[in-house]
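Architecture at a glance
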Amino acid sequence: MKNIFIYMAVSALIVSTISCQDQTEIYEDFVNQFSDRNYPGKVLEPVSFSGKNRVKIEVLTPGDPAVNEARVFWNFYADSISVPVEQTNTLQEIMLDNLPEDSYSFIIKTYDTYGNISIPVEVFGTSYGDNYAKLISNRTLLSSNIDSITRTLSLSFSDADISNGAVETQIKYINTSDIEATTNLLAEENSITIEGYKSGGEFATVFLPDSSSIDTFITTWENIE
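Below you will find a few notes about this structure. Keep in mind that what you see is a predicted model, and the values were worked out from it rather than measured.

Check the secondary structure of the protein and you find two helices and 15 strands. Counting all 225 residues of the protein, 33% fall into the buried class. Within the protein, contacts between residues at least 6 apart in sequence are counted, and of these 59% link residues at least 24 apart.

Rendered as structure tokens:
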């Protein structure tokens, strides 16, 4: 009986040793499979800029001279755009047009001349459209007075909607030289005096959806009474 137990213990040790060897070989095969893969240099420092139905992305191209293409994916890889990468270590702009109004997660990958693909890089961006345009409104003109002798026009407005991104109010009019002129009233200001005013005039408020936006939105022009 004692010999049987010794035999069983030795057999278990042998099986365990073989099993461990098999597992080690599998692990080594797995590691070697991926260690042979070459990853091109990825883009660096991606930054997005929101816009009107578009988003601009700026990236620093990798220092890998073999990289010749970058692709941007969004909508869970359902949509993409490909752009050539011609120089290394340079700031490159990628414009994504005709984007429906939404917030996006963009995945950027680079490709080299050998068909290798880089590690993905993610950046977030926002496209603004009609929904945002419905939120903005023009300032109210509270009063307008003109000095007929000096031809000075004084205008007073209500507070601008700074919370939704109002930045300024544009004012157009005909000056005493019979030329259409434009002046701007900052969103933080409520009144303005215009010299050399002759006739007419209209105003509209300009909005910036966020600080990174490359596009502005403007309200409908209204006449100066």
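Along the polypeptide, T110 turns up in strand 6 (residues 102-112). Owing to a relative accessible area of 1%, T110 belongs among the buried residues under this scheme. Leaving out residues up to four positions away in the same chain, T110 has contacts with P40, G41, K42, V43, V67, E69, A70, N116, I117 and S118.

With that out of the way, let us pick up the sheet that holds strand 9 (residues 152-157). One open sheet holds the three strands; their spatial order is 8-9-12, and the pairing between them is antiparallel. In this open sheet, the two edge strands, each paired with only one partner strand, are strand 8 (141-147) and strand 12 (191-195). Adjacent strand axes in the sheet meet at a mean angle of 15 degrees, parallel and antiparallel pairs treated alike. Pairing of strand 9 with strand 12 involves five bridges; the strand directions are antiparallel. Directly across from S154, in strand 12, lies its bridge partner T193.

We now examine the sheet that holds strand 1 (residues 44-52). Within the open sheet, the seven strands sit side by side as 4-3-6-7-1-2-5. Their pairing is mixed. Two strands bound the open sheet, and with one partner strand each, they are strand 4 (79-84) and strand 5 (91-97). If you compare each strand with its neighbour and ignore which way they point, the axes differ by 20 degrees on average. Alignment of strand 1 against strand 2 (residues 54-60), held across five bridges, turns out to be antiparallel. Bridging from a neighbouring strand, V47 pairs with E58 of strand 2.

With that settled, consider the pairing of strand 2. Across the seven residues of strand 2, five count as buried, placing the element largely inside the fold. Where strand 1 hands over to strand 2, the hairpin turn is made up of one residue, of which N53 adopts a positive phi near 55 degrees. With seven bridges connecting them, strand 2 and strand 5 associate as antiparallel partners. Bridge pairing links K56 to M95 in strand 5.

With that settled, consider the nonpolar core. Membership of the largest hydrophobic core comes to 18 residues, with the highest contact counts inside it found for I57, V72, L96 and F106. Where this core is concerned, the elements lending two or more residues are strand 2, strand 3 (67-74), strand 5, strand 6 and strand 7 (121-128). Residue contributions to this core peak at four residues, all from strand 3. Once you skip the residues sitting within four places of it in the chain, F106 turns out to touch V55, I57, V72, F73, W74, L96, L99, V121, E122, V123, F124 and G125. By size, the runner-up hydrophobic cluster in this structure holds 12 residues, among which are F157, Y173, L185 and I224.

On to the environment of L155. With respect to the helices and strands, the residue L155 is situated in strand 9. A relative accessible area of 2% means that L155 is categorised as buried. In the structure, L155 is positioned 11 residues away from S144 in sequence and 4.6 Å away in space, judged by C-alpha atoms. With residues up to four places along the chain from it excluded, the contact list for L155 reads L141, S143, S144, I171, N190, S191, I192, I194 and I224.

Most of strand 6 is tucked away, with eight of its 11 residues classed as buried. Bridging between strand 3 and strand 6 involves six bridges; their strand directions are antiparallel. Bridge pairing links V72 to I108 in strand 6. Both strand 6 and strand 7 contribute to a ladder of seven bridges, which runs antiparallel. Among the inter-strand pairings, I108 is bridged to a residue of strand 7, identified as V121.

Rules and cut-offs
Residues numbered from 1 in each chain as written. Predicted model: local features only at pLDDT ≥ 70, side-chain atom pairs only at ≥ 80, totals over all residues. Heavy atoms only, no water. Helix = DSSP H or I, 4+ residues; strand = E, 2+ residues; numbered from the N terminus. Buried < 20%, exposed > 50% of the residue type's maximum accessible area, 1.4 Å probe, protein only. Contact = heavy atoms within 4.5 Å. Pairing = 2+ DSSP bridges. Axes fitted to C-alpha atoms, helices over the stretch in contact; angles between N-to-C directions. Core = buried A, V, L, I, M, F, W, Y, C linked by side-chain atoms within 4.5 Å.

All quantities given are derived from atomic positions and should not be read as evidence of function.
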